[in-house]
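# Commentary on secondary and tertiary structure
Given next are the chains, with one letter for each unit.
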Amino acid sequence: MERDLLRQSVSYHGENLMLLLKCEQSENPDFKRVAADLSKTLNQRDKEEGSPVLEQFIARKADLLFAPSWKTSTPADERQEESGEAHAVMPPLEQFMEVCFEERRELFYRDVERGDVVIGRINSVRDFGLFITLLCTAGGLERDIEDLEIKALCPLRCVPSTGNHDDPLSYYQIGDLLRAGVKGIDRYHEKLTLSLYSSSLPPHLDKVKLGVISKEDLPLHYTRGEKVTADSSQTYEKLLESSLGLSNPLNVDYLLGKLGVSDTQTPSLMRGLQSKHFKEDDFATAIRKKQSVSWALKCVKVGVGHFKSRRYVEAMNEYNKALEIDTNNVEALVARGALYATKGSLMKAIDDFELALENCPTHRNAKKYLCQTLVERGGQLEEEEKLVTAEGLYKRAIVLDNTFQGAAEALEKLQLRIQKSLELKEQEAAKEQEKTKTVETSAEKLRKILKEEKRMKKKRKRSTSSSTSSDTSSTSSDDSSSTSRKKSKKRKHKRRRSSHGSKKHKRRASSCSDKTVDDDIEWFPAPANTSASYIDQKQSISKLISEGEQSWEKSRCEDGRGRLDDAIDRSLENLKHGAQSEASRPGRPDVNGEVTDQHRTQSISECARNRRDSSSTQSEYSQKSDRYSKEFSLQGRKRSESERDDGRKSSGGSLKKDIPSNLLDIFSQIAEFEKEKKLQK
Amino acid sequence: MSTQASTSGSVNEARGRRSAEDVEDSKKHFRVCRFIIDTGVKLGMRSVPMATACALYHRFFQSASLQVYEPYLVAMSAIYLAGKVEEQHLRTRDIINVCHRYFHPESEPLELDGKFWELRDSIVQCELLILRQLNFQVSFEHPHKYLLQYLLSVRSLLNRHAWSRTPIAETALAVLKDSYHGSVCVRHKPQHLALTSLYLALQTYGVQLPRGELEWWQVVCADITKAQIETIMSELLQLYDMEAKCT
């Protein structure tokens, strides 16, 4: 209980109240604590206005009236008066009451605080400041002080300078209306110090402009007060009734806000209306929500009935009705999702399930159906070759429900498939790269080489030279024409081309090794391959290499050139596929753009070197490849430079460096082999 | 002489009977008004619409009889109508829900069936009845805005710290809200009611206001006398006694 309040009340009403309080509040522990102090501070007041009924009331309701929690209003900060009159602005009551001079003066000095705003007229300008006679209050206090002739000083240091180096006081003249903030008060000596700096005001009065003002800026309560003094027939009532603010329909809300009282939680002194008697469940919004849910469920049940009898349209109508009654109703969403899934709109189904799970994360059916739908959708995507998205969906399904077998199995299958497809792509890409590289390496380079060979052939006058040259010419023409073709076409044509003369491959191989060599020194190193699938590629490539080796071994024994070539073809293809798939992954867009022939070959050579380091079994091959690299360096350089302008984007370029030294060695060996053959012939 | 005595006796008897009835009636009215205010809180009604609902109810039964019209139905319709008049529209569905739960605590919400629609129909019909009974004069001037204006004026008379620690505004508003349990709200001018509740609040806390030629309440309401204030105050305080009897 608020001790001071109680004391104030008791001292106002006297002994009677004390007795009554003791009687009524005897069980109240709070009161007992305070009661002891109270009995000491009793003054007898004049008893002509004793009101027993009121005292009885106070005594009975004391536990409410004097409770600390009774005071709910938060003092709202005084804002500057708005131009529109939200409520009636009245002159100070003092004026109407005709409170006497002395009392008003006394009260003013008692109540004025630092930070209040006052308005006054300058009555003298001295060296040390301005003397002001106060006219009215303008914020923080509302009193009738005009005739009190209160004088205040605004010292020089509190007068802001007006920019120029003139004496700031010269700006002010006698008779100016000034708005200033109260800076200091000496209540005993009744002296006021004012300031024209905004810093003297509290933060919520920041916007108040201090300084010289005009008559229009005088506060409304003052101007109205003036009218009242002029016209004595203007009473408070009349003024109130005539003011616009009173007819504002929203003035109650506004004023309640100004006083800091909430409108829907107004207090009551009736025992039955105390807030503790109100249960949250009895409120309108709570009941409505419960009701909506049960109505929506009824609709959903009917809808499920339709669904089971295959009447899908009616079922959808019922579900939509249910969702209108109660948006985000979990059961309705799940049922609708199931309907969508059955009809095939899997994305809509997934949306509905997700929303349902948001609202109720533990809904079993929602989870189950969502898993199933995700897996189904994943299957659809798989067929559309959108493997990564499918993977994501499967993973989400597993996250949702670990025990869902279907999802786990599907994910495994998918991952295997992804891996396989990756491998395939790598192989193809490698092959493609090889091919394109070899093809792109230069039509001219090939031609030169071919010309050389032709010369050599002519020298040796081989019978087969015509066929080879024809082959090579045909193949060279093929190559040159194919340089302009896109890679995808080449891939398709690869099978066809591989059936061409095997010497074409040799040419390519030789030019490939050419390519690898020259770009060593001149071009920039390719960006590092940081993708994890690199590891897979290595393995796949090593598999390929071992395959290639085997086939090479075989061909050594037999005249299995064709087989070797096929092996090389395959390996090339794999690599190219791998390169393409790798490059098509979103993580490496930069490589796509920048790749040109040089990079490819440069990276290949680098990789070749890496490969050499990594693989232990092919050291002898590396030596050979070095030799051949040096041999063809000159020719290769010229060719590659002409090829720089080749604008064809090759996505497989990044992986060219992945071609192991083993393959290069194989190619170089092939070249060597061929040469030997020719020499023999 | 004897006949006179007997007639006066019978008149007294009649009066006694009537006053007994009145007492019963006023108890009934009290309970129904309690129902209105209770429902209003649960519906989130603001003070003025709630006041209008109670005023409509009291005015209706000033000219109608409790025996003929079901008071709780009139109350529900009064709430509905008041919401429309004071621009805080309430849905009949919410009113029915809250009232149903008032009479059947802890029950499930009503199903959307025939019974529900019948209830809704009866509310709407009763609304029309109230309008006709009151000659379609359904806008009231409530004491609230006057009370708030007076509070502002009185606040300026007090020291700000004294104001901030004394819950004058809350008490005055509480008293005003509780006054709607009885017909006092329709039998006096709104300014007087506002004044009285403020006076009551100030007296409760023993707040001393400066005195001038005129008392503050004389300034605020020129035509009121101290006696009138006292009368209204006692009527207001009686309502609190009635609570003990009725509930």
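Residues numbered from 1 in each chain as written. Chains lettered and ligands numbered in written order. Predicted model: local features only at pLDDT ≥ 70, side-chain atom pairs only at ≥ 80, totals over all residues. Heavy atoms only, no water.

On a plain count of helices and strands, chain B comes out with 12 helices and 0 strands. Its helices and strands taken in sequence order, chain B reads α-α-α-α-α-α-α-α-α-α-α-α from the N to the C terminus. Here chain B holds 247 residues, and the buried ones make up 58% of them. Relative to all contacts within chain B whose residues are 6 or more apart in sequence, the contacts with residues 24 or more apart total 78%. Summed over its atoms, the accessible surface of chain B is roughly 10500 Å², and 50% of this surface lies on carbon and sulfur atoms. (Helix = DSSP H or I, 4+ residues; strand = E, 2+ residues; numbered from the N terminus. Buried < 20%, exposed > 50% of the residue type's maximum accessible area, 1.4 Å probe, protein only. Contact = heavy atoms within 4.5 Å. Areas by Shrake-Rupley, 256 points an atom, 1.4 Å probe, with all protein chains shown as cover.)

Right, let's talk about the pattern of salt bridges for a bit. Applying the stated criterion to the full structure yields 27 salt bridges over all chains. Two residues, A:Arg104 and A:Asp144, come together in a salt bridge whose shortest N-O distance is 3.4 Å. Of this pair, A:Arg104 sits in helix 6 (residues 101–111) while A:Asp144 sits in the loop between strand 2 (129–139) and strand 3 (151–155); the two residues are 40 residues apart in sequence, bridging distant segments of the chain. Per residue, the accessibility class of A:Arg104 equals that of A:Asp144, and both read buried. A salt bridge links A:Asp147 to A:Arg104; the shortest N-O distance between them is 2.8 Å. Remark: A:Arg104 occurs in helix 6 and A:Asp147 occurs in the loop between strand 2 and strand 3; sequence separation between them is 43 residues. A single salt-bridge network, built from bridges that share partners, covers A:Lys279, A:Asp282, B:Arg101 and B:Glu106. (Salt bridge = Lys/Arg side-chain N within 4 Å of Asp/Glu carboxyl O.)

The pairing of strand 2 of chain A with strand 3 of chain A spans 5 bridges and is antiparallel. Bridge pairing in strand 3 of chain A links A:Thr133 to A:Lys151. (Pairing = 2+ DSSP bridges.)

With 77 residues of chain A at the interface, the matching set in chain B holds 82 residues. When the buried surface of chain A facing chain B is broken down by residue, A:Met97, A:Met270 and A:Arg288 rank first, second and third, together holding 10% of it. Connecting chain A to chain B are 8 salt bridges. Salt-bridge contacts for A:Arg60 lead to B:Asp241; the nearest nitrogen and oxygen are separated by 2.8 Å. Summed over the shared surface of chain A and chain B, the number is 39 residue pairs in polar contact (both at pLDDT 80 or more). (Buried area = accessible area lost by both parts, 1.4 Å probe. Polar contact = N/O pair within 3.5 Å; in protein donor to acceptor, adjacent residues only side chain to side chain.)

With that settled, consider the packing of helix 13 (residues 330–343) of chain A against helix 15 (residues 364–383) of chain A. Residue and element names in this part refer to chain A. The contact between helix 13 and helix 15 brings their axes to 10 Å, and the two run at 20 degrees. Accordingly, the angle class assigned to the pair helix 13 and helix 15 is roughly parallel. Seen from above, helix 13 lies across helix 15 with left-handed handedness. On helix 15, the residues that touch Val-334, Ala-338 and Ala-341 of helix 13 are Asn-365, Ala-366, Tyr-369 and Thr-373. Residues that form the contact of helix 13 with helix 15 fall into these classes: 5 nonpolar, 2 polar and no charged. (Axes fitted to C-alpha atoms, helices over the stretch in contact; angles between N-to-C directions. Parallel < 35°, antiparallel > 145°, perpendicular 65-115°, else oblique. Left-handed = near helix turned anticlockwise from the far one by under 90°. Nonpolar A, V, L, I, M, F, W, Y, C, P; charged D, E, K, R; others polar.)

All right, on to the nonpolar core then. Formed by 131 residues in total, the largest nonpolar core has its most connected members in A:Leu93, B:Tyr150 and B:Trp216. A per-element tally of this core places helix 2 (residues 47–63) of chain B first, with 10 residues. Leaving out residues up to four positions away in the same chain, B:Trp216 has contacts with A:Leu93, A:Met97, B:Val154, B:Leu195, B:Leu198, B:Tyr199, B:Leu202 and B:Leu209. The next biggest cluster of nonpolar side chains, apart from the first, holds 39 residues, and it includes A:Tyr319, A:Val334, A:Leu370 and A:Ala397. (Core = buried A, V, L, I, M, F, W, Y, C linked by side-chain atoms within 4.5 Å.)

Next up on the list: the UniProt feature "repeat: TPR" (unreviewed entry) in chain A. All names here are of chain A. Per the UniProt record, the feature "repeat: TPR" (unreviewed entry) sits at residues 296–329 and 330–363. Here residues 296–329 is 79% helix and 0% strand, with 7 Å between the C-alpha atoms at its ends. With 82% helix and 0% strand, residues 330–363 has end C-alpha atoms that lie 8 Å from one another. (UniProt positions renumbered as here; feature names shortened; annotations may be inferred.)

A cluster of basic residues, A:Arg447, A:Lys448, A:Lys451, A:Lys454, A:Arg455, A:Lys458 and A:Lys459, forms a positive patch at the surface. Along the chain, the position of A:Arg447 falls in helix 18 (residues 443–460). (Patch = residues over 30% accessible without salt bridge, like charges linked within 9 Å, V, L, I, M, F, W, Y side chains within 5 Å. Lys, Arg positive; Asp, Glu negative; His and termini not counted. Charge placed at Lys NZ, Arg CZ, Asp CG, Glu CD.)

With that settled, consider the packing of aromatic side chains. Under the defined criterion, the tally for this structure stands at 21 aromatic pairs over all chains. Both rings, one in B:Tyr146 and one in B:Tyr150, keep their centres 6.4 Å apart while their planes meet at 40 degrees; by these two values the pair is tilted. Taken together, the residues B:Tyr146 and B:Tyr150, both in helix 6 (residues 143–157) and 4 residues apart, mark about one turn of the helix. A single burial state applies to B:Tyr146 and to B:Tyr150, both of which are buried. Ring-pair connections join several aromatic residues into one group, and the members of that group are A:Phe96, A:Tyr236, B:Tyr146 and B:Tyr150. (Phe/Tyr/Trp six-rings, centres within 6.5 Å; stacked < 30°, edge-to-face > 60°.)

A few words on helix 4 (residues 92–103) of chain B. Spanning 12 residues, helix 4 of chain B covers 16 Å between terminal C-alpha atoms, matching the ideal 16 Å at 1.5 Å per step. For helix 4 of chain B, a buried count of 10 out of 12 residues is recorded, marking the element as mostly surrounded by other parts of the structure. (Expected span 1.5 Å × (residues − 1).)

All names here are of chain A. One non-glycine residue, Glu-149, adopts positive backbone phi at about 55 degrees. Considering the arrangement of structural elements, one finds Glu-149 in the loop between strand 2 and strand 3. A relative accessible area of 47% means that Glu-149 is categorised as partly exposed. You will see that Asn-328, though not glycine, has its phi angle at about 60 degrees, which is positive.

Moving on to helix 5 (residues 114–133) of chain B. With 20 residues, helix 5 of chain B should reach 28 Å at 1.5 Å per residue; the first-to-last C-alpha distance of 29 Å fits that figure. Turning to helix 5 of chain B, its buried residues are B:Phe116, B:Ile123, B:Cys126, B:Glu127, B:Ile130 and B:Leu131. The arc that holds every buried residue of helix 5 of chain B, seen down its axis, measures 145 degrees, which confines them to one face. Facing away from the buried surface of helix 5 of chain B by more than 90 degrees, the exposed residues are B:Lys115, B:Glu118, B:Gln125 and B:Arg132. Looking at the buried side of helix 5 of chain B, the elements it contacts are helix 11 (284–308) of chain A together with helix 2, helix 3 (71–85) and helix 4 of chain B. Just downstream of helix 5 of chain B lies B:Asn135, where phi reads positive at about 55 degrees. (Arc of directions from axis to C-beta.)

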